[in-house]
Amino acid sequence: MSKSGFVPDNSNIKKSSGTPNLSVNYKQNVLFKRNDQNIAYQLTSTQLPAMLGGAFVDLYMTKGHMREPHWHPNAWELDVVVSGEVQVSVLDPDTSSMHNYRIKQGEVVFIPMGWWHWIEPLSEEAHLHLFFNNDQFESTEGSDVLRLTPPIVFQKAYGVSASEVAEAVAPITDTVVIGPPNDHSSYQKGYLKDERDERIVVKINEKVVPAEDK
C-alpha cells in the first residue's frame, strides 16, 4: 500500500469508484488468542482499505496474564481502559526511567513511537481499546528478541554467561504476545521474584517509588 502510515487527507478515496467499504466486523480478525478471556482483535487498512493513517486493537485480559513487553517501530499508541484496571509500564529511552501508570475506566496512557512498554491487568478482568497512528503498525515482541538473539551476543555485549542465557530463555519457543504461555510450568522457578537494578528510576503515576516499594 503506497500511502500506508499517517495520511493527512482522503486522496486514497476516488469519487469515480463510488463509496468504499466503511464497515466491518473486526472480531472476525483475531490478532492473538491465548484463550477466550485473553484475546486481541485487530482492525487495520487490510480490513478497511479506506482507513489509511490509523489502526485499532480490542484487547481483553485477565489477572495473571499480560501484554508482553514490546515496541512499535512505526506508530505511537494510545491505550484507553474500557473496563477494569491495568498498569501500563513504559520505558523512557531519553531519561532511562521506567514509568508505571495505574489506570481505570476513563483514563488513558499515550506511548510514543518506538518506546518499550507492556500492559498488566490489576483487576480480575480488563478490557482496553488501543489506537495507533499507522494503518499497518508493526510490533517487535520481547519474546522474539530473547529467543532469536544468539545467546553468545548477550555474552559479548553484557558479559553474562551465554550458556545461562540459553538455559533461561529455552522455554520461550514462540512469540508470546499475551503471556504467560498456556504451559508455563518451566517459568515458575523464581516467577514471583521481582529484582530491579537500583540504577533504574521507577515511577508510578509520575511519583518516584522508594526501593522497598518497587
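Conventions adopted
All residue numbers here refer to positions counted from 1 along the written sequence of the relevant chain. The model is predicted, so local features are restricted to residues of pLDDT at least 70 and side-chain atom pairs to those at 80 or more, both for listing and for counting; the totals for chains, interfaces and linings are taken over all residues. The basis for every side-chain value is the complete set of non-hydrogen atoms in the structure, without hydrogens or water. Helix numbering and strand numbering both begin at the N terminus, where a helix is a DSSP run of H or I of at least 4 residues and a strand a DSSP run of E of at least 2. Throughout, exposure labels follow a simple rule: accessible area from a 1.4 Å probe, protein chains only, divided by the maximum for the residue type, with under 20% read as buried, over 50% as exposed, and the rest as partly exposed. The protein chains shown are the only cover counted for residues, whose accessible areas, like all others here, come from Shrake-Rupley with a 1.4 Å probe. One confidence number per residue, pLDDT, is output by the predictor and ranges from 0 to 100. The contact rule is simple, with two residues in contact once any of their heavy atoms fall within 4.5 Å. Surface patches are drawn from residues lacking salt bridges whose relative accessible area is over 30%; two like charges belong together within 9 Å, two nonpolar side chains (Val, Leu, Ile, Met, Phe, Trp, Tyr) within 5 Å. Just to be clear on terms, a salt bridge is a Lys or Arg side-chain nitrogen sitting within 4 Å of an Asp or Glu carboxyl oxygen. Strand pairing is defined by DSSP finding a minimum of two bridges between the two strands. Each axis is a line fitted through C-alpha atoms, taken for helices only over the stretch in contact, and angles between the N-to-C directions span 0 to 180 degrees. Nitrogen and oxygen atoms within 3.5 Å of one another constitute a polar contact, given that in protein one can donate a hydrogen and the other can accept it, and given that sequence-neighbouring residues count only through two side-chain atoms. Only the six-membered ring of Trp is used, alongside the rings of Phe and Tyr, when aromatic pairs are assigned; centres must lie within 6.5 Å, and planes under 30 degrees apart are stacked while those over 60 apart are edge-to-face, with the rest tilted. Regarding the arc, it is the one traced by the directions from the helix axis to the C-beta atoms. We define the nonpolar core as a collection of buried residues of types Ala, Val, Leu, Ile, Met, Phe, Trp, Tyr and Cys that are connected through side-chain atoms lying within 4.5 Å of one another.

Focus: the overall build of the chain
So, point 1. Helix and strand counts for the chain stand at three helices and 14 strands.
So, point 2. Looking at the 214 residues of the chain, the share that counts as buried comes to 37%.
So, point 3. With an accessible surface of roughly 12,600 Å², the chain has 53% of that area assigned to carbon and sulfur atoms.

Here we look at the confidence of the model for the chain
So, point 1. Considering every residue of the chain, the mean pLDDT works out to 87; 81% of them sit at 70 or more.
So, point 2. Predicted confidence is poor over residues 188–196, with pLDDT under 50, and the contacts of this stretch with residues over four places away or in other chains come to five contacts.

Regarding a nonpolar patch on the surface
So, point 1. Side chains of Trp76, Phe110, Met113 and Phe131 sit close together on the surface and give an oily, nonpolar patch of about 370 Å² of accessible area.
So, point 2. With respect to the helices, strands and loops of the structure, Met113 is situated in the loop between strand E8 (108–111) and strand E9 (117–121).

Topic: the environment of Leu122
So, point 1. With respect to the helices, strands and loops of the structure, Leu122 is situated in the loop between E9 and strand E10 (125–132).
So, point 2. Exposure remark for Leu122: the relative accessible area of 30% places this residue in the partly exposed category.
So, point 3. As for Leu122 and Val86, which are separated by 36 residues in sequence, their C-alpha atoms are 4.9 Å apart.
So, point 4. If we skip the residues at most four places from it in the chain, Leu122 touches Lys63, Glu85, Val86, Gln87 and Arg102.

Quick word on the sheet that holds strand E1 (residues 30–35)
So, point 1. Pairing in this open sheet of six strands is antiparallel, and the strands run E1-E2-E3-E10-E5-E8 from one edge to the other. The open sheet has two edge strands with one neighbour each: E1 and E8. Here the strands of the sheet are splayed against their neighbours by 15 degrees on average, with no regard to which way each runs.
So, point 2. As defined by bridge partners, E1 adjoins strand E2 (residues 38–43) across four bridges and the pair is classed as antiparallel. Looking at the pairing, Asn35 lines up with Asn38 of E2.

So, the side chain of Ser97
So, point 1. With respect to the helices, strands and loops of the structure, Ser97 is situated in strand E7 (residues 97–104).
So, point 2. Polar side-chain contacts of Ser97 include one of 2.6 Å to the side chain of Thr95.

Examining the packing of aromatic side chains
So, point 1. Counting across every chain of the model gives eight aromatic pairs.
So, point 2. Look at Tyr26 and Tyr41: their rings are 6.3 Å apart centre to centre, the planes differ by 70 degrees, and that puts the pair in the edge-to-face class. With Tyr26 in the segment before E1 and Tyr41 in strand E2, this residue pair connects regions lying 15 residues apart in the sequence.
So, point 3. Residue class for Tyr26 comes out partly exposed when judged on its relative accessible area of 22%.
So, point 4. Residues Phe56 and Phe131 carry aromatic rings whose centres are separated by 5.4 Å and whose planes lie at 45 degrees to one another, so their mutual orientation is tilted. Separated by 75 residues along the polypeptide, Phe56 in strand E3 (residues 55–62) and Phe131 in strand E10 bring together distant segments of the chain.
So, point 5. With relative accessibility at 11%, the residue Phe56 sits in the buried group.

A word on helix H3 (residues 162–169)
So, point 1. Listing the buried residues of H3 in full gives Ala162, Val165 and Val169. The arc enclosing the buried residues of H3, seen along the axis, measures out at 60 degrees, which places them on a common side. The outward face of H3, more than 90 degrees from its buried face, is lined by the exposed residues Ser163, Glu164, Glu167 and Ala168.
So, point 2. On its buried face, H3 sits against helix H1 (142–148) and helix H2 (151–158).

Re the nonpolar core
So, point 1. Core analysis: the largest hydrophobic core is formed by 23 residues, its most contacted members being Leu59, Val86, Val88, Ile119 and Leu128.
So, point 2. Counting residues per element, the ones that place at least two in this core are E3, strand E6 (85–92), E8 and E10.
So, point 3. Every residue in contact with Leu59, bar those within four places of it in the chain, is listed here: Ile39, Ala40, Arg67, Ile119, Ala126, His127, Leu128, Leu130 and Ile178.
So, point 4. Counting residues in each nonpolar core, the second largest holds five residues, with Phe154, Val169, Ile172 and Val176 among its members.

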